[in-house]
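Structural characterization, general
The lines below spell out each chain.
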Amino acid sequence: MGTMTISKRTKAVTGTIAVPGDKSMSHRAIMLAAISNGKSTIDNFLTGEDCLTTIVAFEAMGIKIERNESKVTVHGKGLYGLDESMQPINLGNSGTTTRLLLGILAGTPHHYCLYGDESLSVRPMDRVTIPLTKMGAAFDGNQHGRLLPMSVRGDNLQPIEYTLPINSAQIKSSILLAGLFTKGITKVIEPVPTRDHTERMFTAFGVDISRQGNTISLKGQQQLTATNLEVPGDISSAAFFICAAALKSESDLIIKDVGLNPTRTGIIDVLQRMGANIQTSITRYIGDEPIGEVFVKGGQLTGITISGNDIPRVIDEIPIIALIASQANGKTVIKHAEDLRYKETDRIQAVVDTLRNMGVDIKGTEDGMVINGKPSKLKGGEYHSYKDHRIGMMIAIASLLTNEDINLHEPDCISISYPSFFNHFDQLLED
Ligand code: S3P
């Protein structure tokens, strides 16, 4: 709610920051800890709205969770330890919570009702309920069971072999989580690699999982052993300041303690292909997850094509990539990204409409966008976040390129993934 005035900032992006914990890993850490045996601790948990939603959902199912700022302790009750919830469970704005949780509930022999906010209520859930129904769970919901509010009745599950029809880590993870509850081997085939945090975190909880080529195999009925985890910084949050730094010639930015899992570092490759001065260095591993530093200096960028295997590796970064493409010389084409239409908002439309209103030469296509860029000033004025955190942050970063202030309507959504965004914004973009 409300409106925030963001004064135009024209200076370089300079300094060192550590961004908050990774959203994808924070969700998974709570979920796996809840169904493991014993007490797990999670350091650098993301205290953004979506991940807090995951905590509240598991508390509603009888899991004791203690939180002190970003340190969380979860008292796991084992694979079949979740209670039936007395009340419908509110999943707020969080697609990841919903889709991964559906995988766990599919194998939990109880009945649950799930609902969410306006945006989550129109996001497709059949992408997970179709395979989970094949495994033996029962669902019903709005629009013939495609949407929340939804009821779930878990059951004894059968393993399946499933080729992902959409390149989505949420679908893969949901099926793998359900696979834990079967008495056989579940196989997920992903034609294009997607983020593999579930697989890596399974290993941290002692689960044996293997990958051969593009097939991931998991044997059911394995018990998870509680563990102590640390969540790396979220590269999707860092991306906003990395891209901002790449735009301004005098920038000198260091992001430290950030996750550098290769299924997530598409933003670094894309920027390098655009000609940015950007390097990374892995400093250590947390379990199987690489963590390190990103160094960015400003410079000239050139338009490129982003498609195919690139897309899952930059799916959450496309709004900010579109903004910097407006300042790159030449044409940037983004294609094969139709799934952007089913995010917190239709991100193709939100990005195209917003940047066009800022004066950018941009055209939406069915599965992406085409941007004719050149270094230029953008128009300030009134802009709407669409209640989508990544659109809100893209608009805030655009203030580096405007002659006028920006009035950002409904900026609060930014706390979904990056509660300290405006602190870092003020720290790095001093006028
Ligand atoms: C996520 C996967 C991606 C991403 C989302 C988080 C995850 O969604 O956009 O922000 O944690 O698995 P899809 O799996 O729908 O591509």
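The name given to the protein in an unreviewed UniProt entry is 3-phosphoshikimate 1-carboxyvinyltransferase, with the source organism recorded as Pontibacillus yanchengensis.

The next thing to look at is the overall build of the protein. The helix and strand tally for the protein stands at 14 helices and 24 strands. In terms of overall size, the protein behaves like a compact globule, its C-alpha atoms giving a radius of gyration of 21 Å where 431 residues would be expected to give roughly 22 Å. Structurally, the protein occupies a C-alpha span of about 60 × 45 × 45 Å along its principal axes. The burial tally for the protein puts 61% of its 431 residues in the buried class.

This next bit is on the sheet that holds strand β11 (residues 185–189). The strands that make up a sheet pair up through hydrogen bonds in the backbone, lying either parallel or antiparallel. Read from one edge to the other, the open sheet built from four strands follows the order β10-β11-β13-β12, with strand pairing classed as mixed. Two strands lie at the open edges of the sheet, namely β10 (161–163) and β12 (209–212), each paired on one side alone. Ignoring strand direction, the axes of neighbouring strands in this sheet form an average angle of 15°. Examined bridge by bridge, β10 and β11 share three bridges and lie parallel to one another. Counted as the bridge partner of T163 is I189 from β11. Taken strand by strand, helix α6 (residues 169–179) contacts β10, β11, β12 and β13 (215–219), and its axis lies near 170° from that of β11.

Many analyses report the size of an interface as the accessible area lost when the parts associate. Here the domain parsing of the protein yields domain 1 (3–21 + 232–428) and domain 2 (23–218). Contact residues are listed per partner, giving 26 residues for domain 1 and 25 residues for domain 2. Between domain 1 and domain 2 lies a buried interface of about 2300 Å² when both sides are counted; carbon and sulfur atoms form 49% of it. Taken together, the connections running from domain 1 to domain 2 amount to three salt bridges. Among the secondary structure elements, those contributing two or more residues to the side of domain 1 that touches domain 2 are β18 (289–297) and α13 (389–398).

Strand order in the open sheet made by the four strands is β2-β16-β18-β17, with mixed pairing throughout. With one partner strand each, in any of the chains shown, β2 (14–17) and β17 (277–286) form the two edges of the open sheet. Put simply, the sheet's adjacent strands are angled 15° from each other on average, direction ignored. As judged from the six bridges shared by strand β16 (residues 252–259) and β18, these two strands associate in the antiparallel manner. Looking across to β18, one finds that L253 is bridged to V296. Of the strands in this sheet, β2 and β16 touch helix α14 (residues 421–428), which is tilted by about 145° from β2.

Before going further, it helps to examine the environment of E382. Among the secondary structure elements, E382 is positioned in strand β23 (residues 381–384). Separated by 25 residues in sequence, E382 and N357 place their C-alpha atoms 9.4 Å apart. Sequence-distant contacts of E382, defined by excluding residues within four places in its chain, comprise N407 and H409. Polar contacts involving the side chain of E382 include one to the side chain of N407, which spans 2.7 Å. Engagement of the side chain of E382 in a polar contact is seen with the side chain of H409, the distance being 2.7 Å.

The rules we used
- Residues numbered from 1 in each chain as written.
- Predicted model: local features only at pLDDT ≥ 70, side-chain atom pairs only at ≥ 80, totals over all residues.
- Heavy atoms only, no water.
- Helix = DSSP H or I, 4+ residues; strand = E, 2+ residues; numbered from the N terminus.
- Rg over C-alpha atoms; globule rule 2.2 N^0.38 Å.
- Buried < 20%, exposed > 50% of the residue type's maximum accessible area, 1.4 Å probe, protein only.
- Pairing = 2+ DSSP bridges.
- Axes fitted to C-alpha atoms, helices over the stretch in contact; angles between N-to-C directions.
- Contact = heavy atoms within 4.5 Å.
- Domains from an automatic or database assignment.
- Buried area = accessible area lost by both parts, 1.4 Å probe.
- Salt bridge = Lys/Arg side-chain N within 4 Å of Asp/Glu carboxyl O.
- Polar contact = N/O pair within 3.5 Å; in protein donor to acceptor, adjacent residues only side chain to side chain.

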